[in-house]
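Residues per chain are reported as follows:
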Amino acid sequence: MTSLTGKQKLFILLGGAVCVSFIVGILLARIWLGNDREEQKGGSIYASTEETRPVSTEKITYDFFFPSYSGDYLLPRRIEVAKFNELKAQVREVVVTLLQGPGEGSPPLVNPFSEKIRLNEIFLVNNVVVIDVNSALRDKINGGSTQEILTVYTIVDTVLYNFSALQGVQILLDGKECETLAGHIDIGRPLFMDSRWMRARE
């Protein structure tokens, strides 16, 4: 058997070192990308990004509408949120705050949203805002028509009451159009503000 020369052994060693370095580089890149994705997932109702961060510490107050304790109509609660210059970012901030519920206050208001509710994304299409949430929007609806209507119009009326530049709200569940949440109101199209469900106070 012919033995390898010193030069051939050197080439083999160098080639092996290059291969090992290449493999290690790929593994490190995968680990880094995996960690980066985990950081981007976030654990809040909406993960914070450069686009969603406020431009300053300035605050702005909006009227948020939640179901009354009696469950017959929507009542306002004034809540302060971070102020943004961009319309989409401001609408998103209002929706994220809305999905967290009314909090403590008087009169007592009902949170129609499950703790599992998450905002996936918001899109502005002309004068319609498309709000994509997960299917947990259905969690607290027990089959009653009024409860389903108030859940939907908590979102629709809050957004359209506060943003005059918008005329309609389209609700998606996990990126898909749905005909209804529980069989009583059509959400497969943009919805408009319906003040019949709103009251100034109890």
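Residues numbered from 1 in each chain as written. Predicted model: local features only at pLDDT ≥ 70, side-chain atom pairs only at ≥ 80, totals over all residues. Heavy atoms only, no water.

**Brief notes about the confidence of the model for the chain**
Inference 1: Mean pLDDT for the chain: 80, with 71% of residues reaching 70 or above.
Inference 2: Mean pLDDT across the elements of the chain bottoms out in helix α1 (residues 6-41) (42) and peaks in strand β4 (residues 128-133) (98).
Inference 3: Within the model, the stretch residues 14-44 combines pLDDT values under 50 with five contacts to residues more than four positions away or in other chains.
Inference 4: Confidence over residues 46-50 falls short of pLDDT 50; this stretch has 11 contacts with residues more than four positions distant or in other chains. (pLDDT = per-residue confidence, 0-100. Helix = DSSP H or I, 4+ residues; strand = E, 2+ residues; numbered from the N terminus. Contact = heavy atoms within 4.5 Å.)

**A short note on the pattern of salt bridges**
Inference 1: For the structure on display, the rule yields five salt bridges.
Inference 2: Close ionic contact of Asp-194 with Arg-196 constitutes a salt bridge, the shortest N to O distance being 2.6 Å. (Salt bridge = Lys/Arg side-chain N within 4 Å of Asp/Glu carboxyl O.)

**What to know about the nonpolar core**
Inference 1: Counting 46 residues, the largest nonpolar core has Ile-131, Leu-137, Val-152, Tyr-153, Val-159 and Val-169 as its most contacted members.
Inference 2: For this core, the secondary structure elements donating two or more residues are β1 (59-67), β2 (74-82), α2 (87-99), β3 (119-125), β4, α3 (145-162) and β5 (168-173).
Inference 3: The contacts of Ile-131, once residues within four sequence positions are left out, are Val-95, Leu-119, Glu-121, Ile-122, Ile-155, Val-159, Val-169, Gln-170, Ile-171 and Leu-172. (Core = buried A, V, L, I, M, F, W, Y, C linked by side-chain atoms within 4.5 Å. Buried < 20%, exposed > 50% of the residue type's maximum accessible area, 1.4 Å probe, protein only.)

**Considerations on the side chain of Asp-157**
Inference 1: Along the chain, Asp-157 turns up in helix α3.
Inference 2: Although Asp-157 is buried, it forms no salt bridge, and the closest oppositely charged side chain is Arg-196 at an N-O distance of 8.6 Å. (Lys, Arg positive; Asp, Glu negative; His and termini not counted.)

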